[in-house]
Amino acid sequence: MSSKVEFPFPFTSDHYEYTNNSSPLIPARTVTVSSNYVEEVRLKRKLLEENHERCYRSLPISLESQWETLLLVFRELATYEPEHFSFKRRGNTYVFTNHLLQEEETFVYRDHSSIDFEPLDLVGRHVQEDLIVMGDRHDGLFLEAGQLCFPSNWSLTFVLGMEFKTIHTPVPAIAEFIEKVERFITRIRPNTAWERKNWSITISHKLDTPLETYSDWGKLRYHVTKENAGELVNLRVEVQRLFRLPVTNDILFSIHTYLLPLNELVANDDWLKKFYTNVKTLPQELADYKGISLYKPELLGFLEKALKRRKIER
Amino acid sequence: MKKALKTYRHVLIISDHVHRERAKCKQRELQNRDRFVQLKVISQLGDGTVEALLSEQPIGSALILCGEGALETERVAVSLGYARNDIYIETQQQMRAFCSQCHHITSLVTHERFVCENCRNQLEPSEHYSSYHRAHLAYPVFIESDD
Amino acid sequence: MKDRYQVKVEQIKQVTPQIKAFTLSSETAVDPFGAGAHLTLHLPMGDRQYSLINNPLEMTNDYQIAVKKVSANGGSHYLHEHLEVGDSVLVSGPDNYFPVHLEAQHVIFFAAGIGITPFLSMMPYLSTLGKTFELHYAVKNVESCPFYEELLKYTEQVFFYSGSREEKKKQVREALENRKIGTHVYVCGPETFMEMVVDTTRELRFPSRVVHEERFRPAAKIRNPKPFRVTVNGGDELLVKENESLLERLLDEGYPVSYACRMGICGSCEVTVCGGEVIHSDTFLTEKEKENKMLSCVSRGVGEIAINVVETNSM
C-alpha cells in the first residue's frame, strides 16, 4: 500500500472546527501497521538508543498497566496481523514473534526479571505508535508512563506526573475543550477504543520533533516561502486512540503519526480545497498555538497558486 | 481546587532547620482546640527519613512542607496515598523554570528571559506549569535572523 | 466492550440454599476484566447485572457470577430454576463502575449479604499484587454465609458481623477509626448498609474520593420515546418522531451539528436548550450543564422545546 493511500486525511468540512471529534473504533484497536512499519520502528529504536531519557519515562505505579498494555498490544498484533506477528502461551511463559523484523520476545507475565526493558518500553519497540499510560487515580487522571519518540513539540519529561488537564499548553481557546475531553476520557468504558485525528504542520519531513531539539528544527519555521512550501511543509496528522485497560482501569493513549508533503497533498483536488479553507479559517489564537502564524501567508500563497493551477474555485 | 487549611482536623508540618521559625509560626496560626498541628523539624527535606512519619498520619490529614527538597518529600507522600490537593508547600524560593532543552531546573527572581545554568541556552519562562516538577516550562528564544 | 454476544453455561454450583454460582464460557476469546467488574445478562424479563467473582489475573476464558434467588418471578428466579449446564445466555460487557484503585495503600471492604460478590474478585486480585486488605462482612449466620469456605482463605483479614443493627453500627465505626493515610474503603450491600458505612466515613472525615460505593450506573435509556416539537434558533419548527433522535432530525434538516458516538458519551452533539423540559439520557453533561444543554443523540424534549444550534462550532 502506498503511503498516500493510507494517509488519514483529517478534514471533513470546509471550515475549521475544534471539537472532540472522537468516534468509537470497532473492533477496538490500539495500533495500526502501515507500509512504513520497518523504517519507522527502526527510527524509534535508534531514538530510544540515543536518547532514552527523553523518549521513555515512567512512574513505579504504572507497572501493572504497562504489563496489561504489553499483553494487549501483542495479542492485538497477532490477532489482526497474523501474517506478520504471532503470540503463543506456554504455561506462564509467552512468546511473541515479529516476522517483519524476524525477532522473538519471550517473557513471563508480570515477572520483571524476564524482560530487559520495562513492559511499555518493550512493546513500544514493536509498534509505530507512541504509547502513553494515564492512571485513573482517585484525585485525577495523571500521565504515569510514556514511550514518546515522535512528539510534536512537547516534552515527555516535563509532562510526566502531570494531571491530564494541565498537560496542554494553557491556551484560553482550548481550555473548555480540554476539560470536556478529560470528562469524556473518564467515561470511556473498559475494552473500548476511541479514535480522533489531530493535525498540525511540520516543517521538513521529520517525525521526531521533540521540544528538546526545538532549537534545531524550530528555526526552519522562518524559512518557509511560497516557492519551497510544497517540499518543506508537511501536513502532520496524529491518529490518537484512547483505550480503557480493563484490568487496571487506566487509559492507554496511542499516537500514530503520519506526514504528507504538501506537493503530494495538492495533487488531490478535494484535499487541497479542504486544507486551504481550513487553514484560512483557522482562528489567530489557534494558528499561534499550532505554530502556523509564522508562515501562514507563505503557506496560503502556495496553496492559492496550486488552486489556480488546478483551476479550482476558492 | 485546594481546600482551606482550616478545614482539616489534623495537619503535619515538616520543615528543615532553615525554615523552622516560619513553620513554627504556621503551627501557632493553625493550632486550636479542634485541630491538631504536629511540627517535625529535620535537617533536610527529602532525605528519606520522613517516610514512616508520613505513613502514620491519620486519613484526611493535610501536609505542609517548608524548605528546600519539598518536591521529593511530596512525591513520597503521594506514593503513600496522599491526595496532591492535601499537600501544601511553603517556600521562600522564587519561581522555578524547567529548561525544555536539557530538563535542568533554574530558580528565578523574575519571570524574564534567562540563561539556563546547565546548557547555556537563552530561555523564556512560559505560563505552562507542572505541579509535579513545581516548575514553569521555559522555551528557547529565537531571534529571527538566527540561522 | 463488546455488544451483545452468547456465552455458554459451563458449570453451576449451589453455594448456599439461596445462592448459585455460574461459570460462563465462550469458544472465542472473552475480553479481560478488572476486579469489581460486572456482566450484563439479557434475560427474558429484562437486563440484569451481576459482579464477576473470578480473579482477573487468573481468568481463563470464563466469567463467573453468583446469583441470589430473591423473588419468585425475577431474573434470579429464572437463572436458578431454568438455566442448565450447556444453555446459552446473551450477555454484554464486562463493564466496571467499581474499579480498584492501585494507589491505595490499604483497602477495607464492607459487604453485607450477597454484596460480597465484587470483593470475591478484588481480594484474590489484591493478594496477587501483594496489597493489604481486610473484609468486614455483615451476615445473618456466619457458618452458613455465602462463600464461607472461600473466605476462610483469608482468616486473618476477614471480620464477620452478625449482631443487631446497633451492634453492626458500632463495629463499623470501630473498624474505621484511627485509619491511616492511603486507606481506601469499598462498600457493597443493601442501601441501608451502604449508607451506614458511608455516613460513618463522613463523620470520621474520610475524603469522599477514597470511599467507593457500587452505585453509579449510566443513565437509563428512554423506554417509550414520544414525539416532540423543537424550535431551532428561534425560527424553524421541527417535529422529532418517536422513532428518531433530535440529532437525526437536525442532520436531515441540514443543521451542521457535530456528532460522534451517538450514545451520549462523547459530548460532541451538544445543543443549547432555551426553553422547555428535557429528559436527559446521557452520561456526559454535568448537572449544571443540564440546566441549559442537551445531547441531541440520546436526550429528548417533552412536548415542545426550543434549542439553539451554533452554525459552526465557534472554537
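Given the structure is predicted, the values throughout are model-derived calculations rather than measurements.

Scoring rules and cut-offs
- Residues numbered from 1 in each chain as written.
- Chains lettered and ligands numbered in written order.
- Predicted model: local features only at pLDDT ≥ 70, side-chain atom pairs only at ≥ 80, totals over all residues.
- Heavy atoms only, no water.
- Helix = DSSP H or I, 4+ residues; strand = E, 2+ residues; numbered from the N terminus.
- Contact = heavy atoms within 4.5 Å.
- Areas by Shrake-Rupley, 256 points an atom, 1.4 Å probe, with all protein chains shown as cover.
- Lys, Arg positive; Asp, Glu negative; His and termini not counted.
- Charge placed at Lys NZ, Arg CZ, Asp CG, Glu CD.
- Pairing = 2+ DSSP bridges.
- Axes fitted to C-alpha atoms, helices over the stretch in contact; angles between N-to-C directions.
- Domains from an automatic or database assignment.
- Salt bridge = Lys/Arg side-chain N within 4 Å of Asp/Glu carboxyl O.
- Polar contact = N/O pair within 3.5 Å; in protein donor to acceptor, adjacent residues only side chain to side chain.
- Disulfide = S-S within 2.5 Å.
- Buried < 20%, exposed > 50% of the residue type's maximum accessible area, 1.4 Å probe, protein only.
- Buried area = accessible area lost by both parts, 1.4 Å probe.
- Parallel < 35°, antiparallel > 145°, perpendicular 65-115°, else oblique.
- Left-handed = near helix turned anticlockwise from the far one by under 90°.
- Nonpolar A, V, L, I, M, F, W, Y, C, P; charged D, E, K, R; others polar.
- Expected span 1.5 Å × (residues − 1).
- Phe/Tyr/Trp six-rings, centres within 6.5 Å; stacked < 30°, edge-to-face > 60°.
- Lys NZ or Arg CZ within 6 Å of the ring centre and 35° of its normal.

Peer 1: Can you explain the overall build of chain C? Please cite residues and give values.
Peer 2: Looking only at helices and strands, chain C features six helices and 16 strands. Overall, chain C is about 70 × 50 × 35 Å in size when its C-alpha atoms are taken along their principal axes. Here the analysis covers contacts within chain C between residues at least 6 apart in sequence; of these, 64% occur between residues at least 24 apart. For chain C, the accessible area works out to roughly 14900 Å², and carbon and sulfur atoms hold 46% of it. Charged side chains in chain C number 34 positive and 42 negative. The centres of these two groups are separated by 3 Å.

Peer 1: Break down the sheet that holds strand β3 (residues 85-90) of chain A for me, citing the residues and quoting the values.
Peer 2: Residue and element names in this part refer to chain A. Spatially, the three strands line up as an open sheet ordered β3-β4-β5, and their pairing is antiparallel. Edge positions in the open sheet fall to β3 and β5 (103-108), since each of these has one partner strand only. Taken pair by pair, the neighbouring strands of this sheet meet at an average axis angle of 15 degrees, ignoring direction. Pairing of strand β4 (residues 93-98) with β5, which is carried by six bridges, proceeds in the antiparallel orientation. By the bridge assignment for β5, Thr 97 is matched with Glu 104. Against the sheet, helix α3 (residues 63-80) engages β3, β4 and β5, with an angle of about 125 degrees to β3.

Peer 1: So what about the domain arrangement of chain C? Which residues, and what values?
Peer 2: Residue and element names in this part refer to chain C. Taken domain by domain, chain C consists of domain 1 (2-95), domain 2 (106-213) and domain 3 (228-308). In this complex, domain 1 contributes 16 residues to the contact, which on the side of domain 2 involves 15 residues. The tally of links from domain 1 across to domain 2 stands at zero salt bridges. Our enumeration of links across domain 1 and domain 2 arrives at three residue pairs in polar contact (both at pLDDT 80 or more). Of all the secondary-structure elements, those providing two or more residues to the side of domain 1 that touches domain 2 are β1 (2-16) and β5 (62-68). Sorting elements by how many residues they give to the side of domain 1 that touches domain 2 places β1 first, with three residues.

Peer 1: Quick one: what's the story with the sheet that holds strand β10 (residues 251-261) of chain A, residue by residue and with numbers?
Peer 2: All names here are of chain A. As summarised here, the arrangement of the seven strands in space is β1-β8-β9-β10-β6-β7-β2, forming an open sheet in which the pairing is antiparallel. Pairing within the sheet leaves two strands with one partner each, and these edge strands are β1 (23-25) and β2 (56-58). When strand polarity is set aside, the average angle formed by the axes of neighbouring strands in this sheet is 35 degrees. Where α3 meets the sheet, it contacts β2, β6 (130-137), β7 (140-147), β9 (233-244) and β10, and its direction lies at approximately 55 degrees from that of β10.

Peer 1: Go over the state of the cysteines with me, naming the residues and quoting the values.
Peer 2: Per the stated rule, a full pass over the model turns up zero disulfides over all chains. In this structure Cys 149 of chain A is a free cysteine whose sulfur lies 4.3 Å from that of Cys 55 of chain A, the closest cysteine sulfur available. Judged by relative accessible area, Cys 149 of chain A falls into the buried class, the value being 1%. Just so you know, Cys 25 of chain B is unpaired, no disulfide at all, and the nearest cysteine sulfur is the one on Cys 66 of chain B, 10 Å from it. Exposure remark for Cys 25 of chain B: the relative accessible area of 42% places this residue in the partly exposed category.

Peer 1: Account for the interface of chain C and chain A, with residues named and values stated.
Peer 2: Accessible area lost upon the coming together of the parts is a frequently used measure of interface size. The interface of chain C with chain A comprises 38 residues on the first partner and 35 residues on the second. A combined buried area of about 3200 Å² lies between chain C and chain A, and 55% of that area is made up of carbon and sulfur atoms. Linking chain C with chain A are three salt bridges, by the criterion used here. The partner of Arg 137 of chain A in a salt bridge is Glu 103 of chain C, with the nearest N and O atoms 3.2 Å apart. Counting across the chain C and chain A interface gives ten residue pairs in polar contact (both at pLDDT 80 or more). Breaking the side of chain C that touches chain A down by element, the ones donating at least two residues are β6 (88-95) and α2 (117-129) of chain C. It is α2 of chain C that contributes the most residues to the side of chain C that touches chain A, three residues altogether.

Peer 1: Got a sec to walk through the interface of chain B and chain C? Specific residues and values, please.
Peer 2: Counting residues at the interface gives 15 residues for chain B, matched by twelve residues for chain C. Summing the contributions of chain B and of chain C, the shared interface buries around 1100 Å²; its carbon and sulfur component is 54%. Contact with chain C buries surface across chain B, with Arg 9, Ile 59 and Leu 80 of chain B losing the most and accounting together for 51% of the total. Here chain B and chain C share one salt bridge between them. Run the count over chain B and chain C and you get four residue pairs in polar contact (both at pLDDT 80 or more).

Peer 1: Before we move on, can you summarise the pattern of salt bridges with the specific residues and values?
Peer 2: Residues and elements named next belong to chain C. Under the definition given, this model contains 40 salt bridges over all chains. For Glu 134, the salt bridge is made with Arg 179, and the minimal N-O distance between the two is 2.7 Å. Linking Glu 134 in strand β8 (residues 132-138) with Arg 179 in the loop between α4 (165-176) and β10 (183-188), this pair joins segments that are 45 residues apart in sequence. Here Glu 134 matches Arg 179 in class, with each residue buried.

Peer 1: Report on the packing of α4 of chain C against helix α5 (residues 191-203) of chain C, specifying residues and quantitative values.
Peer 2: Geometry of a packed helix pair, given as the angle between the helix axes and the separation of the axes. All names here are of chain C. Two numbers describe how α4 lies on α5: the axes approach to 10 Å, and their chain directions differ by 40 degrees. In terms of their interaxial angle, α4 and α5 are classed as oblique. Here α4 and α5 pass one another in a crossing that is right-handed. In this structure, α4 uses Arg 165, Lys 168, Lys 169, Val 172, Arg 173 and Leu 176 to contact α5, whose residues at the interface are Thr 192, Met 196, Val 197, Thr 200, Thr 201 and Glu 203. When grouped by side-chain class, the residues that make up the contact of α4 with α5 number four nonpolar, three polar and five charged.

Peer 1: So what's going on with helix α7 (residues 172-186) of chain A? Residues and values would help.
Peer 2: Over its 15 residues, α7 of chain A runs 22 Å from end to end, which matches the ideal 21 Å to within 8%, given 1.5 Å per residue. If you check which residues of α7 of chain A are buried, you get Ala 173, Ile 174, Phe 177, Ile 178, Lys 180, Val 181, Glu 182, Arg 183, Phe 184 and Ile 185 of chain A.

Peer 1: Could you give an account of the side chain of Arg 179 of chain C, with specific residues and numbers?
Peer 2: Residue Arg 179 of chain C is classed as buried on the basis of its relative accessible area of 17%. If sequence neighbours within four positions are ignored, Arg 179 of chain C has contacts with Gln 57, Pro 58 and Ile 59 of chain B together with His 106, Ile 108, Glu 134, His 136 and Phe 206 of chain C.

Peer 1: Got a sec to walk through the packing of aromatic side chains? Specific residues and values, please.
Peer 2: According to the stated counting rule, one finds 31 aromatic pairs over all chains in the structure shown. Each ring, one from Phe 98 of chain C and one from Tyr 186 of chain C, has its centre 5.6 Å from the other, and the planes form 70 degrees; the classification is edge-to-face. With Phe 98 of chain C in the loop between β6 and β7 (106-112) and Tyr 186 of chain C in strand β10, this residue pair connects regions lying 88 residues apart in the sequence. Each member of the pair, Phe 98 of chain C together with Tyr 186 of chain C, is buried. Where Phe 109 of chain C meets Phe 133 of chain C, the ring centres are 5.9 Å apart and the plane angle is 50 degrees; that geometry is what we call tilted. Linking Phe 109 of chain C in strand β7 with Phe 133 of chain C in strand β8, this pair joins segments that are 24 residues apart in sequence. Take Phe 109 of chain C and Phe 133 of chain C: they sit in the same class, and that class is buried. The structure contains a cluster of three or more aromatic residues connected by ring pairs, namely Tyr 37, Trp 67, Phe 74, Phe 85, Phe 87, Tyr 94, Phe 96, Phe 107 and Tyr 109 of chain A. One Lys or Arg, Arg 75 of chain B, reaches over the ring of Tyr 132 of chain B and ends 3.8 Å from the middle of that ring. Sitting above the plane of the Phe 142 of chain A ring, Arg 84 of chain B keeps its charged end 3.6 Å from the centroid.

Peer 1: Describe the pairing of strand β3 (residues 62-66) of chain B, listing the residues and the values that go with them.
Peer 2: All names here are of chain B. Burial analysis of β3 places five of its five residues in the buried class, which makes it a mostly covered element. In β3, alternate side chains face the same way, and those of Ala 62, Ile 64 and Cys 66 on one face and Leu 63 and Leu 65 on the other are all buried. Where strand β1 (residues 10-16) meets β3, five bridges bridge the pair, whose relative direction is parallel. Opposite Ile 13, over in β3, you have Ile 64 as the bridge partner. Across four bridges, the pairing between β3 and strand β4 (residues 87-90) is parallel. Across the sheet, Cys 66 pairs through a bridge with Glu 90, a residue of β4.

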